[in-house]
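Okay, here's what each chain looks like letter by letter:
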Amino acid sequence: MTKEFIRSIKGTQDILPDQSQRWQALETTIRNTMDTYGYGEIRTPAFERTELFASVGEGTDIVSKEMYSWTDQGGENLTLKPELTAPVVRSFIQNNLGGQSPMNKLYYIDALFRRERPQKGRYRQFHQFGIEAFGSEHPEMDAEVIALALAVFNDIGLEGLTLKLNSIGSSECRSNYRNTLRDFLKPHINDLSETSQNRFENNPLRILDTKAPHEIEILKNAPNISDSWTAEDKAHFEEVCFLLDTLGIQYSLASNLVRGLDYYTRTTFEITSTALGAQDAICGGGRYDGLVETLGGKPTPGIGFAAGMERILLALGDDDSSGNPTQVYIVGLGDGARPSVAKLAEDLRQNNIRTDFDPLRRSIKAQMREANKSGATIAVIIGDKELESGQAEIKDLKTGDQEPVKIKALVDHINSLTL
Ligand code: ATP
Ligand code: MG
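Computed from a predicted model, the values in this text were never measured in an experiment.

## Looking at the site of ligand 1
Surveying the vicinity of ligand 1 reveals 13 residues, the closest of which are R114, E116, R122, Y123 and A281. Note that a nitrogen atom of ligand 1 is positioned 2.6 Å from one of the side-chain N or O atoms of E116. With respect to ligand 1, the backbone of G308 contributes an N or O atom lying 3.4 Å from an oxygen atom. When ligand 1 is considered free in solution it has 580 Å² of accessible area, and contact with the protein chains removes 78% of it.

What follows is the structure, given as structure tokens:
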């Protein structure tokens, strides 16, 4: 009787050793860059109360249809985290980080869960790195956050990026703009999709997010949110732009880059890659000066971004750097040699030398083939003959040269070689 094989869930991926090297390289770049910019890592639980996500994302796609939620045995409504901002803000408030320091700069690298339609660049479990900086409302903070995102992408070697920048102003600006936008859309209301008609009432800004070509056409003549900026909003945005110019960072202004939720304020940005197809957004971010208060904390300005790691790796394309190869391969001949092989492997590994041997007890020919395939610089050959003479053979796998070395002196000898 054959057992039916249980496959993984659609939209999830196994990351195997030949790919995990690329993940590790990306993670190392992220951690080094975060360290340089003065950000400390925060790790939050994999699941939270459903309410936490619902209260900050009401009406968004994530909350309305993408969350993995369930009721546990104790009757609590829980959700696997679909985004990190709400958990980080929750933790910021709960641990009174704002009370301990006026400025808190946090970063994360984490797995997220969203029940979306799986496709290239869109998965149901995926990974993001991101930051949340709490405490400053000033433009130099905005410029730092954008520079930091780009620094990670540059260090990892991503090219062909576009930074899109906008300001959605203060809440005063947005309530004026909502009315302006409604006035503009009113004559077109019957041409709008049902979704957009609903948004017209609740949240007209979100209509600007539409992907429908005929709506995009209508919106071409829509008034710009910048027309509704207050004098302070304008000054803030101009200073962000001036600072980015000063840092030598290029951007394009994107007046349709808006966010529909009330706690978002002023700067919004997105970074896209020309190396990707339809799912070309690598990073989204912006200011949310009203969010900490929305979640029950003291009013605290904040800004952050989140970047999709699968998409970054997709945009980087395949390279065949397969990490650090084995340095020493031990070839064992016969039953008597086995303990010596195991002991030598352990001793070399204790000396941080990447060492391997054949646990399949194959022929010498097969072991030598494995030694060459492993990328090792040298093979050490230990057999009955070698045990008797107290000497092993060291073979240089590039030149084929072979020399005898006392078994007792092997570790010191190999340590002295450049492998
Ligand atoms: P999109 O418009 O592509 O759906 P989003 O607005 O849902 O993106 P955010 O919630 O801002 O994206 O997440 C930030 C980044 O995370 C995105 O720019 C993208 O790189 C990545 N991302 C979002 N959803 C997924 C997913 N399902 N699979 C892989 N990466 C994702
Ligand atoms: Mg999405």
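## Focus: the sheet that holds strand β5 (residues 104-113)
The strand order β1-β5-β6-β11-β10-β9-β7-β8 describes an open sheet built from eight strands, whose pairing is mixed. At either margin of the open sheet sits one strand with a lone partner, and together these are β1 (40-41) and β8 (252-253). Pairing of β1 with β5, which is carried by two bridges, proceeds in the parallel orientation. Within the sheet, the bridge partner assigned to E41 lies in β5 and is Y107. Here helix α1 (residues 17-36) sits on the sheet and contacts β1, β5, β6 (125-134) and β11 (302-308); the angle it forms with β5, its principal contact strand, is near 160 degrees.

## Looking at the packing of aromatic side chains
With the rule as written, the count across this model stands at seven aromatic pairs. What links up through ring pairs into an aromatic cluster is the set F92, F134 and Y288. Taking the ring centre of Y264 as reference, the NZ or CZ of R259 above it sits at 5.3 Å.

## Examining unusual backbone geometry
For N96, which is not glycine, the phi torsion reads 50 degrees and is therefore positive. Turning to its location among the elements, N96 is positioned in the loop between α4 (85-94) and α5 (97-100). You can call N96 partly exposed: its relative accessible area is 42%. For N352, which is not glycine, the phi torsion reads 60 degrees and is therefore positive. Within the fold, N352 resides in the loop between α13 (338-350) and β13 (355-357). The exposure class of N352 is exposed, given its relative accessible area of 69%.

## Quick look at the packing of α1 against helix α6 (residues 139-156)
With their axes 9 Å apart at the nearest point, α1 and α6 run at an angle of 140 degrees to one another. Accordingly, the angle class assigned to the pair α1 and α6 is oblique. With respect to the hand of their crossing, α1 and α6 are arranged in right-handed fashion. Where α1 abuts α6, its residues A25, L26, T29, I30, T33 and M34 lie against L148, A151, V152, D155 and I156. For the contact of α1 with α6, the per-class residue count stands at eight nonpolar, two polar and one charged.

## Details of the pattern of salt bridges
For the structure shown, the criterion picks out 20 salt bridges. Here E144 ties to K105 by a salt bridge, and the two come within 2.9 Å at their closest N and O atoms. On the criterion of sequence distance, the pair formed by E144 in helix α6 and K105 in strand β5 is long-range, its members being 39 residues apart. As a salt-bridge pair, R287 and D289 come within 2.8 Å of each other at their nearest N and O atoms. Ionic contacts of the salt-bridge type, sharing partners, join the residues R31, E41 and R43 into one network.

## Here's the deal with the domain arrangement of the chain
Looking at the chain, the domain boundaries give domain 1 (17-170 + 230-316) and domain 2 (325-416). Here the C-alpha centroids of domain 1 and domain 2 sit 50 Å apart.

## So, the side chain of Q128
Residue position: Q128 is located in strand β6. Setting aside its immediate chain neighbours within four residues, Q128 contacts Y108, I109, D110, L112, R114, A306, A307, G308 and M309.

## Section: the sheet that holds strand β2 (residues 47-49)
Sheets are built from strands paired through backbone hydrogen bonds, the pairs being either parallel or antiparallel. The strand order across the open sheet built from three strands is β2-β4-β3, with neighbouring strands paired in antiparallel fashion. Either end of the sheet is taken by a strand with one partner, and the two such strands are β2 and β3 (69-71). On average, adjacent strands in this sheet sit at an angle of 35 degrees to one another, irrespective of strand direction. Pairing between β2 and strand β4 (residues 77-80): three bridges, direction antiparallel. Counted as the bridge partner of F47 is L80 from β4. On the sheet, helix α2 (residues 50-57) packs against β2, β3 and β4 and is oriented at approximately 70 degrees with respect to β2.

Here is what the cut-offs are and how they apply
Residues numbered from 1 in each chain as written. Chains lettered and ligands numbered in written order. Predicted model: local features only at pLDDT ≥ 70, side-chain atom pairs only at ≥ 80, totals over all residues. Heavy atoms only, no water. Near = heavy atom within 4 Å. Polar contact = N/O pair within 3.5 Å; in protein donor to acceptor, adjacent residues only side chain to side chain. Areas by Shrake-Rupley, 256 points an atom, 1.4 Å probe, with all protein chains shown as cover. Pairing = 2+ DSSP bridges. Helix = DSSP H or I, 4+ residues; strand = E, 2+ residues; numbered from the N terminus. Contact = heavy atoms within 4.5 Å. Axes fitted to C-alpha atoms, helices over the stretch in contact; angles between N-to-C directions. Phe/Tyr/Trp six-rings, centres within 6.5 Å; stacked < 30°, edge-to-face > 60°. Lys NZ or Arg CZ within 6 Å of the ring centre and 35° of its normal. Buried < 20%, exposed > 50% of the residue type's maximum accessible area, 1.4 Å probe, protein only. Parallel < 35°, antiparallel > 145°, perpendicular 65-115°, else oblique. Left-handed = near helix turned anticlockwise from the far one by under 90°. Nonpolar A, V, L, I, M, F, W, Y, C, P; charged D, E, K, R; others polar. Salt bridge = Lys/Arg side-chain N within 4 Å of Asp/Glu carboxyl O. Domains from an automatic or database assignment.

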